Amino acid sequence: QVQLVESGGGLVQAEGSLRLSCAASGITFSTRVMGWFRQAPGKEREFVAALSWSGGRTYYANSVKGRFSISMNNAKNTVYLQMNTLKAEDTAVYYCAATPPYASEPYDAARYSYWGQGTQVTVSS
């Protein structure tokens, strides 16, 4: 049984930082793309960041480039999203997701097979 469990969300002031974690069980990262998406109230789910199965390539939405950083710890089967210089518009529920093995498209939510339950990030201005 595959499980993705996010943690680390919370309330933070603008310009602050948070680190989200996604602990995975039942899968290994080595052959998958691991991604972070977010959904704000009244808006569609949008891509935030992804890390390729080889671990060597990262992808970011333009809105977070230079502020957010995705990484993984294979030994802990955990993916992280370091979020710096947070803005009010970053407020959303953040979801961790995993593609099937050997997937190559990181931006499309429909390509991801497994999703976590989400963690709320609220940035106060």
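What counts, and at which threshold
The residue numbers shown here count from 1 along each chain, following its written sequence. In keeping with the predicted nature of the model, local features appear solely for residues at pLDDT of at least 70, side-chain atom pairs appear and are counted solely at 80 or more, and the whole-chain, interface and lining totals rest on all residues. Hydrogens are left out, water is left out, and the side-chain values use all remaining heavy atoms of the structure. We define a salt bridge as a side-chain nitrogen of Lys or Arg found within 4 Å of a carboxyl oxygen belonging to Asp or Glu. Counting from the N terminus, the helices are the DSSP runs of H or I reaching at least four residues and the strands are the DSSP runs of E reaching at least two. Burial classes: relative accessible area under 20% of the type maximum marks a residue as buried, over 50% as exposed, and values in between as partly exposed (1.4 Å probe, protein chains only). A pair of strands is considered paired only if DSSP assigns at least 2 bridges between the two. Interaxial angle, 0 to 180 degrees, is taken between N-to-C directions of lines fitted to C-alpha atoms, where a helix line uses only the stretch in contact. Pairing of aromatic side chains requires ring centres within 6.5 Å, counting the rings of Phe and Tyr and the six-membered ring of Trp. Pairs whose planes differ by under 30 degrees are stacked, by over 60 edge-to-face, and all others tilted. Any pair of nitrogen or oxygen atoms within 3.5 Å is treated as a polar contact; in protein, a donor-acceptor pairing is required on top of that, and neighbouring residues in sequence qualify only through side-chain atoms on both sides. For this analysis, residues touch if any pair of their heavy atoms sits within 4.5 Å.

Student: Teacher, can you tell me more about the pattern of salt bridges here?
Tutor: Oppositely charged side chains may form a pair once their charged atoms are brought near each other. Throughout the structure, instances matching the rule amount to four salt bridges. For Asp90, the salt bridge is made with Arg67, and the minimal N-O distance between the two is 2.7 Å. Separated by 23 residues along the polypeptide, Asp90 in the loop between β8 (78–83) and β9 (92–98) and Arg67 in the loop between β6 (58–60) and β7 (68–73) bring together distant segments of the chain. Judged by its relative accessible area of 1%, Asp90 is buried. Arg67 gets classed as buried once you look at its relative accessible area, which sits at 10%. One salt-bridge network, held together by shared partners, links Arg38, Glu46, Arg67 and Asp90.

Student: Before we go on, may I ask you to explain the sheet that holds strand β3 (residues 18–25) in this structure?
Tutor: Working definition: the strands of a sheet are paired by backbone hydrogen bonds and lie parallel or antiparallel to each other. Strand order in the open sheet formed by four strands is β1-β3-β8-β7, with antiparallel pairing between adjacent strands. Edge positions in the sheet fall to β1 (3–7) and β7, since each of these pairs with one other strand and no more. Across the sheet, the mean angle from the axis of one strand to that of its neighbour is 15°, orientation sign disregarded.

Student: What am I meant to see in the packing of aromatic side chains here?
Tutor: The geometry of two aromatic rings is summed up by the distance between their centres and the angle between their planes. With the rule as written, the count across this model stands at seven aromatic pairs. Between Phe37 and Tyr112, the aromatic rings sit 5.0 Å apart at their centres with planes inclined by 80°, giving edge-to-face as the arrangement. Placement of the pair is Phe37 in strand β4 (residues 34–39) and Tyr112 in the loop between β9 and β10 (114–115), with a sequence separation of 75 residues. As far as burial versus exposure is concerned, Phe37 and Tyr112 are alike and both buried. Look at Tyr59 and Tyr107: their rings are 5.6 Å apart centre to centre, the planes differ by 80°, and that puts the pair in the edge-to-face class.

Student: Any chance you could explain the side chain of Thr78 here in plain terms?
Tutor: With respect to the element layout, Thr78 can be found in strand β8. Taking the relative accessible area as the measure of exposure, Thr78 reaches 9% and is therefore buried. Within polar-contact distance, the side chain of Thr78 engages the backbone oxygen of Lys76 at 2.9 Å. Among residues more than four places away in sequence, those in contact with Thr78 are Ser21, Cys22, Ala23, Phe29, Ser71, Met72 and Asn73.

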